[in-house]
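Architecture at a glance
As a plain string of letters, each chain reads:
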Amino acid sequence: RWYQNVLRTAMNNNMMKPGDEFSLVSFDCNRPEYGEIDKQLLFPENPNFTTNPRDFDSQINSIDMGKRRHRDNCQQIGDIYGALVESIKIMDDLDTKNSKSIVVLADDWSVPELNVDIIGRARETDIPIYGITYFQNIKRDYGVKDICQNSYGAYAIDRRNDCLLY
């Protein structure tokens, strides 16, 4: 529910402006079958961008973060870095007059960083990366804080896990 609450809080506080285009995608873990060249990391593979808040709200309602659904299939942590690489490609190819950005909502725990210059690619394509994470009392070895701050985006931790960032 945390992910849905963050997005609804943004919508209810007019952080999404008329004419903005939105799409919600989820990213998966690094499963053994993903050794294949054609692995699909983002779902849906082709994001459904909308300017309609009701349509975006339907995408928000579709978020299913049941532990069984992910942990039984993955048994590992997600691949935030791979998801960012794929998202930058999608956003760079998107034909729009609007400015582009990526917002990562995650527990901020990922597989080790890829040997891809995500920050450089984000800067080169003028696609800042923003991150909002919920608080966990764990060491964050592979978080996105540095990527967000150095791609001209921003990073915040919801320390109370109530969608009010301090």
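Below is a short write-up of the structure. A quick note: this is a predicted structure, and the numbers were derived from the prediction, not measured. (Residues numbered from 1 in each chain as written. Predicted model: local features only at pLDDT ≥ 70, side-chain atom pairs only at ≥ 80, totals over all residues. Heavy atoms only, no water.)

**Quick word on the sheet that holds strand β3 (residues 102–106)**
The strand order across the open sheet formed by 3 strands is β3-β4-β5, and the pairing between neighbours is parallel. Strands with a single pairing partner mark the edges of an open sheet, and in this sheet they are β3 and β5 (155–158). Each neighbouring strand pair of the sheet contributes to a mean axis angle of 15 degrees, computed without reference to strand direction. Direction of pairing for strand β4 (residues 129–134) relative to β5: parallel, over a ladder of 4 bridges. If you follow Y134 over to β5, its bridge partner there is D158. Packed onto the sheet, helix α1 (residues 2–12) meets β3, β4 and β5 and runs at close to 145 degrees relative to β3. (Pairing = 2+ DSSP bridges. Helix = DSSP H or I, 4+ residues; strand = E, 2+ residues; numbered from the N terminus. Axes fitted to C-alpha atoms, helices over the stretch in contact; angles between N-to-C directions. Contact = heavy atoms within 4.5 Å.)

**Structural notes on the packing of α1 against helix α2 (residues 53–61)**
Two elements in contact, α1 and α2, have axes whose closest approach is 10 Å; the angle formed by their N-to-C orientations is 165 degrees. Regarding the angle of α1 to α2, the classification is roughly antiparallel. The handedness of the crossing between α1 and α2 comes out as left-handed. Residues Q4, L7, R8 and M11 of α1 lie in contact with α2, whose contacting residues are P53, F56, D57, I60 and N61. (Parallel < 35°, antiparallel > 145°, perpendicular 65-115°, else oblique. Left-handed = near helix turned anticlockwise from the far one by under 90°.)

**Points about α2**
Within α2 the residues assigned to the buried category are F56, Q59 and I60. Down the axis, α2 shows its buried residues gathered within 100 degrees of arc, on one side only. Structurally, α2 contributes buried residues whose contacts are with α1. The N-cap residue of α2 is N52: its side-chain oxygen and the backbone nitrogen of R54 are 2.7 Å apart. (Buried < 20%, exposed > 50% of the residue type's maximum accessible area, 1.4 Å probe, protein only. Arc of directions from axis to C-beta. Polar contact = N/O pair within 3.5 Å; in protein donor to acceptor, adjacent residues only side chain to side chain.)

**Considering the packing of aromatic side chains**
As enumerated under the stated definition, the model contains 1 aromatic pair in all. Taking 5.2 Å as the distance between ring centres and 40 degrees as the angle between the ring planes, the aromatic pair formed by F22 and F56 counts as tilted. Of this pair, F22 sits in the loop between α1 and β1 (26–27) while F56 sits in helix α2, and the two are 34 residues apart along the sequence. Residue F22 is classed as buried on the basis of its relative accessible area of 18%. With a relative accessible area of 4%, F56 lands in the buried category. (Phe/Tyr/Trp six-rings, centres within 6.5 Å; stacked < 30°, edge-to-face > 60°.)

**Comments concerning the pairing of β3**
The buried fraction of β3 is high, at 4 of 5 residues. Examined bridge by bridge, β3 and β4 share 5 bridges and lie parallel to one another. Its bridge partner lying in β4, A106 is registered against T133.

**A short note on the side chain of T125**
Structurally, T125 can be placed in the loop between α5 (118–124) and β4. Here the side chain of T125 touches R121 through a polar contact of 2.8 Å, landing on its backbone oxygen. T125 has contacts with I88 and D92, leaving out every residue within four places of it along the chain.

**Re the pattern of salt bridges**
Taken as a whole, this structure holds 4 salt bridges when the rule is applied. The partner of K89 in a salt bridge is E86, and the shortest N-O contact between them spans 3.5 Å. Taken together, the residues span about one helical turn, with K89 and E86 both in helix α4 (residues 80–93) at a distance of 3 residues. A relative accessible area of 44% places K89 in the partly exposed class. Across the pair D92 and R121 runs a salt bridge whose closest N-O atoms are separated by 3.1 Å. In this pair, D92 is assigned in helix α4 and R121 in helix α5, connecting sequence segments 29 residues apart. For R121, a relative accessible area of 30% gives the class partly exposed. (Salt bridge = Lys/Arg side-chain N within 4 Å of Asp/Glu carboxyl O.)

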